[in-house]
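Okay, here's what each chain looks like letter by letter:
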Amino acid sequence: MDPADVAALTSPAGRALLDLIAAAGPADPLVLGQRLRREGHESALVALAMTQARLRERAAAKLGPRAHGLLLTAAGVEQATRAVVAAEHARRFAGAGVRRVADLGCGIGADALALADAGLDVLAVDADPGTAAVAAANLAGRAEVRCADVTAGVVDGLGPGDGAWFDPARRTAGGRRLFDPEATSPPLSFVLATAARVPATGAKLAPGLPHELVPAGAEARWTSVDGDVVEAALWCGPLARPGVARSALVLRAGERFELDDGDNPVPAVGAVGTHLHEPDGAVVRAGLVGAVARLLGGRLVDETIAYVTTDAPASTPFARSYAVLDVLPFGLKALRRYLRERDVGPLTVKKRGTAVDPDVLRRQLALKGSTPATVVLTRVAGRQSVLVVEPVG
(Lines give C-alpha, C1' and ligand atoms only; values in the text may rest on other atoms or scores of the structure.)
Protein backbone atom coordinates (compact mmCIF):
# COMPACT_ATOMS: atom_id res chain seq x y z
CA MET A 1 0.00 0.00 0.00
CA ASP A 2 1.30 3.47 -0.84
CA PRO A 3 0.36 6.87 0.68
CA ALA A 4 -2.16 7.51 -2.12
CA ASP A 5 -4.01 4.31 -1.21
CA VAL A 6 -4.09 5.38 2.45
CA ALA A 7 -5.45 8.77 1.43
CA ALA A 8 -8.18 7.10 -0.64
CA LEU A 9 -9.22 4.74 2.17
CA THR A 10 -9.30 7.53 4.77
CA SER A 11 -11.33 9.87 2.53
CA PRO A 12 -15.08 10.19 3.25
CA ALA A 13 -15.80 7.91 0.27
CA GLY A 14 -13.27 5.35 1.46
CA ARG A 15 -14.55 5.29 5.03
CA ALA A 16 -18.13 5.00 3.84
CA LEU A 17 -17.21 2.07 1.61
CA LEU A 18 -15.39 0.29 4.44
CA ASP A 19 -18.51 0.72 6.60
CA LEU A 20 -20.71 -0.71 3.82
CA ILE A 21 -18.50 -3.77 3.48
CA ALA A 22 -18.44 -4.31 7.26
CA ALA A 23 -22.24 -4.07 7.39
CA ALA A 24 -22.56 -6.66 4.61
CA GLY A 25 -21.15 -9.33 6.93
CA PRO A 26 -19.92 -12.66 5.50
CA ALA A 27 -21.09 -11.99 1.95
CA ASP A 28 -19.48 -13.62 -1.07
CA PRO A 29 -16.58 -11.24 -1.90
CA LEU A 30 -17.06 -11.55 -5.66
CA VAL A 31 -20.79 -10.87 -5.49
CA LEU A 32 -20.31 -8.01 -3.02
CA GLY A 33 -17.60 -6.40 -5.13
CA GLN A 34 -19.75 -6.56 -8.26
CA ARG A 35 -22.69 -5.05 -6.39
CA LEU A 36 -20.63 -2.16 -5.05
CA ARG A 37 -19.29 -1.37 -8.51
CA ARG A 38 -22.82 -1.42 -9.95
CA GLU A 39 -23.83 1.04 -7.25
CA GLY A 40 -21.26 3.48 -8.62
CA HIS A 41 -18.30 3.00 -6.34
CA GLU A 42 -14.93 3.40 -8.05
CA SER A 43 -13.43 0.03 -8.98
CA ALA A 44 -9.96 0.78 -7.61
CA LEU A 45 -11.40 1.94 -4.29
CA VAL A 46 -13.63 -1.12 -4.07
CA ALA A 47 -10.59 -3.36 -4.55
CA LEU A 48 -8.67 -1.52 -1.83
CA ALA A 49 -11.59 -1.65 0.59
CA MET A 50 -12.29 -5.33 -0.06
CA THR A 51 -8.64 -6.11 0.65
CA GLN A 52 -8.88 -4.18 3.91
CA ALA A 53 -11.96 -6.17 4.92
CA ARG A 54 -10.10 -9.46 4.36
CA LEU A 55 -7.04 -8.23 6.29
CA ARG A 56 -9.19 -7.05 9.17
CA GLU A 57 -10.82 -10.45 9.51
CA ARG A 58 -7.40 -12.10 9.46
CA ALA A 59 -5.97 -9.66 12.01
CA ALA A 60 -8.81 -9.91 14.53
CA ALA A 61 -7.32 -12.95 16.29
CA LYS A 62 -4.03 -11.10 16.76
CA LEU A 63 -5.12 -7.50 17.28
CA GLY A 64 -8.55 -8.00 18.81
CA PRO A 65 -11.72 -5.99 18.07
CA ARG A 66 -9.58 -2.93 17.30
CA ALA A 67 -8.49 -4.63 14.05
CA HIS A 68 -11.84 -3.81 12.46
CA GLY A 69 -11.06 -0.08 12.65
CA LEU A 70 -7.44 -0.17 11.49
CA LEU A 71 -5.79 0.15 8.11
CA LEU A 72 -3.65 -2.89 7.46
CA THR A 73 -1.11 -4.36 5.08
CA ALA A 74 -0.48 -8.05 4.50
CA ALA A 75 3.09 -7.76 5.84
CA GLY A 76 1.86 -5.64 8.72
CA VAL A 77 -0.67 -8.25 9.82
CA GLU A 78 1.97 -10.97 9.58
CA GLN A 79 4.58 -9.07 11.59
CA ALA A 80 2.49 -6.97 13.99
CA THR A 81 2.78 -7.60 17.71
CA ARG A 82 -0.28 -9.27 19.21
CA ALA A 83 -2.37 -6.83 21.22
CA VAL A 84 -1.90 -8.70 24.53
CA VAL A 85 1.87 -8.78 24.02
CA ALA A 86 2.07 -5.13 22.96
CA ALA A 87 0.27 -4.25 26.20
CA GLU A 88 3.02 -6.13 28.09
CA HIS A 89 5.67 -4.09 26.28
CA ALA A 90 3.93 -0.85 27.22
CA ARG A 91 3.66 -2.00 30.82
CA ARG A 92 7.44 -2.42 30.98
CA PHE A 93 8.09 1.12 29.82
CA ALA A 94 5.42 2.66 32.06
CA GLY A 95 6.62 0.61 35.05
CA ALA A 96 10.17 1.90 34.56
CA GLY A 97 8.96 5.51 34.71
CA VAL A 98 9.59 6.22 31.03
CA ARG A 99 7.26 8.90 29.71
CA ARG A 100 8.24 9.10 26.02
CA VAL A 101 9.04 6.15 23.77
CA ALA A 102 10.33 6.07 20.22
CA ASP A 103 8.83 3.07 18.39
CA LEU A 104 11.57 2.51 15.84
CA GLY A 105 10.26 0.37 13.00
CA CYS A 106 6.64 0.87 14.03
CA GLY A 107 5.00 -1.01 11.14
CA ILE A 108 1.24 -0.55 11.18
CA GLY A 109 1.46 0.80 14.75
CA ALA A 110 0.43 -2.10 17.01
CA ASP A 111 3.06 -1.37 19.67
CA ALA A 112 2.68 2.40 19.28
CA LEU A 113 -1.05 2.08 19.98
CA ALA A 114 -0.38 0.08 23.15
CA LEU A 115 2.19 2.64 24.29
CA ALA A 116 -0.31 5.43 23.71
CA ASP A 117 -2.99 3.43 25.54
CA ALA A 118 -0.62 3.31 28.53
CA GLY A 119 -0.50 7.10 28.58
CA LEU A 120 3.00 7.44 27.10
CA ASP A 121 4.11 10.01 24.56
CA VAL A 122 5.05 8.18 21.37
CA LEU A 123 7.26 8.87 18.38
CA ALA A 124 6.51 6.24 15.71
CA VAL A 125 9.06 5.83 12.93
CA ASP A 126 9.07 3.63 9.83
CA ALA A 127 11.26 3.83 6.73
CA ASP A 128 8.55 2.79 4.26
CA PRO A 129 6.33 5.73 3.17
CA GLY A 130 3.21 3.60 2.75
CA THR A 131 3.65 1.87 6.09
CA ALA A 132 4.29 5.18 7.84
CA ALA A 133 1.10 6.54 6.29
CA VAL A 134 -0.83 3.49 7.55
CA ALA A 135 0.61 3.98 11.05
CA ALA A 136 -0.35 7.66 11.00
CA ALA A 137 -3.92 6.75 10.05
CA ASN A 138 -4.13 4.13 12.80
CA LEU A 139 -2.65 6.38 15.47
CA ALA A 140 -4.98 9.21 14.45
CA GLY A 141 -3.04 12.01 16.11
CA ARG A 142 -2.16 10.05 19.26
CA ALA A 143 1.52 9.94 18.31
CA GLU A 144 4.04 11.77 16.18
CA VAL A 145 4.73 9.66 13.08
CA ARG A 146 7.81 10.04 10.89
CA CYS A 147 8.92 8.33 7.73
CA ALA A 148 12.66 7.88 8.28
CA ASP A 149 15.49 5.37 8.46
CA VAL A 150 15.80 4.57 12.17
CA THR A 151 19.56 4.15 11.81
CA ALA A 152 20.02 7.64 10.31
CA GLY A 153 20.08 9.87 13.35
CA VAL A 154 16.57 9.38 14.71
CA VAL A 155 17.85 8.26 18.12
CA ASP A 156 19.98 11.41 18.37
CA GLY A 157 16.89 13.33 19.42
CA LEU A 158 16.12 11.04 22.37
CA GLY A 159 16.95 12.27 25.85
CA PRO A 160 18.25 10.26 28.82
CA GLY A 161 14.75 9.87 30.25
CA ASP A 162 13.24 8.64 26.99
CA GLY A 163 12.84 5.06 25.84
CA ALA A 164 13.46 3.28 22.54
CA TRP A 165 11.58 0.26 21.22
CA PHE A 166 12.76 -1.72 18.20
CA ASP A 167 10.90 -4.27 16.11
CA PRO A 168 13.57 -5.16 13.53
CA ALA A 169 12.38 -6.49 10.17
CA ARG A 170 13.09 -10.22 10.20
CA ARG A 171 12.15 -11.09 6.61
CA THR A 172 13.85 -10.52 3.29
CA ALA A 173 12.09 -8.66 0.46
CA GLY A 174 11.03 -12.08 -0.81
CA GLY A 175 9.46 -13.04 2.50
CA ARG A 176 12.17 -15.43 3.73
CA ARG A 177 12.62 -15.43 7.52
CA LEU A 178 15.92 -14.16 8.93
CA PHE A 179 17.27 -15.96 11.98
CA ASP A 180 20.62 -14.18 12.41
CA PRO A 181 20.05 -11.12 14.67
CA GLU A 182 22.74 -9.28 12.72
CA ALA A 183 20.90 -9.83 9.43
CA THR A 184 17.74 -8.04 10.57
CA SER A 185 16.98 -4.39 9.90
CA PRO A 186 18.25 -2.79 12.04
CA PRO A 187 20.74 -5.38 13.33
CA LEU A 188 21.06 -6.32 17.00
CA SER A 189 24.35 -4.44 17.20
CA PHE A 190 22.52 -1.19 16.41
CA VAL A 191 19.94 -1.94 19.11
CA LEU A 192 22.71 -2.46 21.66
CA ALA A 193 24.52 0.69 20.51
CA THR A 194 21.28 2.59 21.07
CA ALA A 195 20.95 1.07 24.55
CA ALA A 196 24.38 2.48 25.40
CA ARG A 197 23.00 5.99 24.70
CA VAL A 198 19.32 5.48 25.65
CA PRO A 199 19.36 3.05 28.60
CA ALA A 200 15.62 2.30 28.49
CA THR A 201 15.83 0.35 25.23
CA GLY A 202 13.84 -2.75 24.36
CA ALA A 203 13.60 -4.90 21.24
CA LYS A 204 11.33 -7.59 19.84
CA LEU A 205 13.54 -10.41 18.56
CA ALA A 206 13.00 -13.88 17.14
CA PRO A 207 12.30 -16.68 19.66
CA GLY A 208 15.50 -18.43 18.56
CA LEU A 209 17.68 -15.73 20.19
CA PRO A 210 20.83 -17.48 21.47
CA HIS A 211 21.33 -17.00 25.21
CA GLU A 212 24.93 -15.96 24.71
CA LEU A 213 23.81 -12.86 22.80
CA VAL A 214 21.99 -11.45 25.84
CA PRO A 215 24.30 -8.71 27.20
CA ALA A 216 25.27 -8.55 30.85
CA GLY A 217 22.72 -6.59 32.82
CA ALA A 218 19.97 -7.08 30.22
CA GLU A 219 16.94 -9.37 30.47
CA ALA A 220 15.62 -11.57 27.68
CA ARG A 221 11.99 -12.57 28.08
CA TRP A 222 10.40 -15.26 25.91
CA THR A 223 6.63 -14.95 25.53
CA SER A 224 4.03 -17.51 24.49
CA VAL A 225 0.36 -16.87 23.74
CA ASP A 226 -1.93 -19.87 24.18
CA GLY A 227 1.03 -22.20 23.66
CA ASP A 228 2.55 -20.39 20.66
CA VAL A 229 5.98 -18.84 21.31
CA VAL A 230 5.77 -15.44 19.63
CA GLU A 231 8.92 -13.54 20.57
CA ALA A 232 12.01 -13.02 22.66
CA ALA A 233 12.02 -9.45 23.97
CA LEU A 234 15.30 -7.89 25.05
CA TRP A 235 15.07 -5.37 27.89
CA CYS A 236 17.98 -3.08 28.76
CA GLY A 237 18.78 -0.57 31.49
CA PRO A 238 15.84 0.26 33.78
CA LEU A 239 13.57 -2.01 31.73
CA ALA A 240 15.50 -5.10 32.91
CA ARG A 241 14.76 -6.54 36.33
CA PRO A 242 17.81 -6.68 38.64
CA GLY A 243 19.34 -10.13 38.81
CA VAL A 244 17.16 -11.58 36.02
CA ALA A 245 18.89 -12.58 32.78
CA ARG A 246 16.19 -14.84 31.30
CA SER A 247 12.47 -15.11 31.91
CA ALA A 248 9.37 -16.66 30.40
CA LEU A 249 5.94 -15.05 30.13
CA VAL A 250 3.04 -17.41 29.51
CA LEU A 251 -0.21 -15.76 28.39
CA ARG A 252 -3.11 -18.18 28.31
CA ALA A 253 -6.89 -17.66 28.27
CA GLY A 254 -6.59 -14.11 29.55
CA GLU A 255 -4.20 -14.93 32.40
CA ARG A 256 -0.49 -14.19 32.69
CA PHE A 257 2.20 -16.27 34.40
CA GLU A 258 5.87 -15.32 34.66
CA LEU A 259 8.92 -17.35 35.58
CA ASP A 260 12.57 -16.29 35.76
CA ASP A 261 16.01 -17.74 36.32
CA GLY A 262 16.27 -16.62 39.93
CA ASP A 263 15.83 -20.23 41.08
CA ASN A 264 16.57 -22.50 38.15
CA PRO A 265 18.48 -25.53 39.45
CA VAL A 266 19.97 -28.27 37.31
CA PRO A 267 17.24 -30.92 37.48
CA ALA A 268 17.79 -34.52 38.42
CA VAL A 269 17.24 -37.29 35.87
CA GLY A 270 15.31 -40.45 36.67
CA ALA A 271 12.80 -43.07 35.70
CA VAL A 272 9.42 -42.19 34.21
CA GLY A 273 6.85 -41.76 36.96
CA THR A 274 3.07 -41.71 36.92
CA HIS A 275 2.87 -38.32 35.23
CA LEU A 276 4.66 -36.51 32.41
CA HIS A 277 4.83 -32.72 32.10
CA GLU A 278 5.60 -30.82 28.89
CA PRO A 279 7.01 -27.35 29.70
CA ASP A 280 5.61 -24.43 27.72
CA GLY A 281 7.68 -23.44 24.70
CA ALA A 282 8.59 -20.07 26.24
CA VAL A 283 9.97 -21.90 29.28
CA VAL A 284 12.04 -24.22 27.08
CA ARG A 285 13.39 -21.33 24.98
CA ALA A 286 14.33 -19.42 28.12
CA GLY A 287 16.17 -22.44 29.51
CA LEU A 288 13.96 -22.63 32.60
CA VAL A 289 13.03 -26.32 32.57
CA GLY A 290 14.91 -26.69 35.85
CA ALA A 291 12.63 -24.12 37.46
CA VAL A 292 9.56 -26.05 36.26
CA ALA A 293 11.00 -29.31 37.60
CA ARG A 294 11.49 -27.56 40.95
CA LEU A 295 7.90 -26.29 40.98
CA LEU A 296 6.57 -29.76 40.19
CA GLY A 297 8.96 -31.62 42.46
CA GLY A 298 9.99 -33.68 39.46
CA ARG A 299 12.93 -34.82 37.37
CA LEU A 300 13.85 -35.13 33.70
CA VAL A 301 13.29 -38.37 31.77
CA ASP A 302 16.60 -37.74 29.97
CA GLU A 303 19.28 -35.13 30.61
CA THR A 304 18.91 -33.74 27.07
CA ILE A 305 15.09 -33.73 26.83
CA ALA A 306 12.70 -31.07 28.20
CA TYR A 307 10.14 -33.49 29.64
CA VAL A 308 9.59 -33.57 33.40
CA THR A 309 8.15 -36.57 35.23
CA THR A 310 6.66 -36.94 38.71
CA ASP A 311 5.49 -39.83 40.87
CA ALA A 312 2.14 -38.21 41.64
CA PRO A 313 -0.23 -35.72 40.02
CA ALA A 314 1.20 -32.19 39.92
CA SER A 315 0.37 -29.06 37.99
CA THR A 316 1.78 -25.69 37.01
CA PRO A 317 0.69 -23.10 34.44
CA PHE A 318 4.15 -23.47 32.92
CA ALA A 319 3.60 -27.04 31.68
CA ARG A 320 0.96 -29.32 30.16
CA SER A 321 0.44 -32.47 32.22
CA TYR A 322 -0.31 -36.06 31.21
CA ALA A 323 -0.97 -39.27 33.09
CA VAL A 324 1.44 -41.98 31.95
CA LEU A 325 -0.39 -45.16 30.95
CA ASP A 326 2.53 -47.16 29.59
CA VAL A 327 6.21 -46.91 28.59
CA LEU A 328 7.44 -48.92 25.61
CA PRO A 329 10.72 -49.22 23.70
CA PHE A 330 10.26 -47.68 20.26
CA GLY A 331 9.48 -50.20 17.54
CA LEU A 332 6.99 -49.79 14.71
CA LYS A 333 5.59 -53.33 14.72
CA ALA A 334 5.29 -53.51 18.51
CA LEU A 335 3.64 -50.09 18.67
CA ARG A 336 1.18 -50.98 15.88
CA ARG A 337 0.21 -54.19 17.66
CA TYR A 338 -0.14 -52.40 21.01
CA LEU A 339 -2.44 -49.69 19.60
CA ARG A 340 -4.54 -52.01 17.47
CA GLU A 341 -5.18 -54.28 20.46
CA ARG A 342 -6.66 -51.23 22.17
CA ASP A 343 -8.82 -50.23 19.18
CA VAL A 344 -6.94 -46.97 18.72
CA GLY A 345 -7.83 -44.81 15.71
CA PRO A 346 -7.31 -41.04 16.12
CA LEU A 347 -3.71 -40.67 17.33
CA THR A 348 -2.02 -37.56 18.72
CA VAL A 349 1.75 -37.82 18.38
CA LYS A 350 4.04 -35.59 20.42
CA LYS A 351 7.81 -35.75 20.11
CA ARG A 352 11.10 -34.44 21.44
CA GLY A 353 14.53 -35.84 20.74
CA THR A 354 13.53 -38.03 17.79
CA ALA A 355 13.62 -37.65 14.01
CA VAL A 356 10.36 -39.55 13.50
CA ASP A 357 7.80 -37.63 11.42
CA PRO A 358 4.38 -37.91 13.16
CA ASP A 359 2.46 -37.86 9.86
CA VAL A 360 4.61 -40.61 8.40
CA LEU A 361 4.23 -42.64 11.59
CA ARG A 362 0.43 -42.39 11.48
CA ARG A 363 0.41 -43.66 7.89
CA GLN A 364 2.74 -46.52 8.79
CA LEU A 365 0.59 -47.52 11.78
CA ALA A 366 -2.59 -47.53 9.63
CA LEU A 367 -4.87 -47.49 12.66
CA LYS A 368 -8.57 -47.99 12.00
CA GLY A 369 -10.04 -48.15 15.50
CA SER A 370 -12.38 -45.72 17.23
CA THR A 371 -10.53 -44.93 20.47
CA PRO A 372 -8.39 -41.78 20.58
CA ALA A 373 -4.92 -41.97 22.10
CA THR A 374 -1.83 -39.83 22.68
CA VAL A 375 1.75 -41.05 22.43
CA VAL A 376 4.99 -39.25 23.19
CA LEU A 377 8.09 -40.17 21.19
CA THR A 378 11.22 -39.26 23.10
CA ARG A 379 14.38 -40.54 24.75
CA VAL A 380 14.26 -42.07 28.21
CA ALA A 381 17.68 -42.52 29.78
CA GLY A 382 19.20 -42.29 26.31
CA ARG A 383 16.90 -44.88 24.68
CA GLN A 384 14.25 -44.11 22.06
CA SER A 385 10.95 -44.77 23.79
CA VAL A 386 7.19 -44.38 23.44
CA LEU A 387 5.13 -43.07 26.32
CA VAL A 388 1.40 -43.72 26.08
CA VAL A 389 -0.23 -40.85 27.93
CA GLU A 390 -3.56 -39.21 28.67
CA PRO A 391 -3.96 -35.43 28.99
CA VAL A 392 -4.79 -34.22 32.50
CA GLY A 393 -7.22 -31.32 32.81
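1. What to know about the pairing of strand E9 (residues 255-260)
Working step 1: As judged from the 6 bridges shared by strand E8 (residues 246-252) and E9, these two strands associate in the antiparallel manner. Each bridged residue has a counterpart across the sheet, and for Val250 the counterpart in E9 is Phe257.
Working step 2: Hairpin connection, E8 to E9: the antiparallel pair is bridged by 2 residues, and Ala253 has positive phi, about 50°.

2. A closer look at the packing of helix H3 (residues 29-38) against helix H4 (residues 43-63)
Working step 1: The N-to-C vectors of H3 and H4 enclose an angle of 145°; their axes lie 10 Å apart at closest approach. In the packing of H3 onto H4, the handedness of the crossing is right-handed. Facing H3, whose interface residues are Pro29, Leu32, Gly33, Leu36 and Arg37, H4 presents Ser43, Val46, Ala47 and Met50.

3. Some remarks on unusual backbone geometry
Working step 1: The omega angle of the peptide bond from Ser185 to Pro186 is 0°, so this bond is cis rather than trans.
Working step 2: For Pro186, the location among the structural elements is in the loop between strand E4 (163-166) and helix H9 (188-197).
Working step 3: For Ala140, which is not glycine, the phi dihedral falls at a positive 45°.
Working step 4: Following the sequence through the fold, Ala140 ends up in the loop between helix H8 (129-139) and strand E3 (144-147).

4. Structural notes on the sheet that holds strand E6 (residues 219-225)
Working step 1: The strand order E3-E2-E1-E4-E5-E7-E6-E8-E9 describes an open sheet built from 9 strands, whose pairing is mixed. If you trace the sheet from one side to the other, it starts and ends with E3 and E9, each paired once. The sheet shows a mean angle of 20° between the axes of neighbouring strands, direction not considered.
Working step 2: Here strand E2 (residues 121-126) runs beside E3; their pairing, made up of 4 bridges, is parallel. Counterpart to Val125 in the pairing with E3 is Arg146.
Working step 3: Each of E4, strand E5 (200-205) and strand E7 (228-235) is contacted by H9, which is oriented at about 165° to E5, the strand it contacts most.

The rules we used
Residues numbered from 1 in each chain as written. Predicted model: local features only at pLDDT ≥ 70, side-chain atom pairs only at ≥ 80, totals over all residues. Heavy atoms only, no water. Pairing = 2+ DSSP bridges. Helix = DSSP H or I, 4+ residues; strand = E, 2+ residues; numbered from the N terminus. Axes fitted to C-alpha atoms, helices over the stretch in contact; angles between N-to-C directions. Left-handed = near helix turned anticlockwise from the far one by under 90°. Contact = heavy atoms within 4.5 Å.

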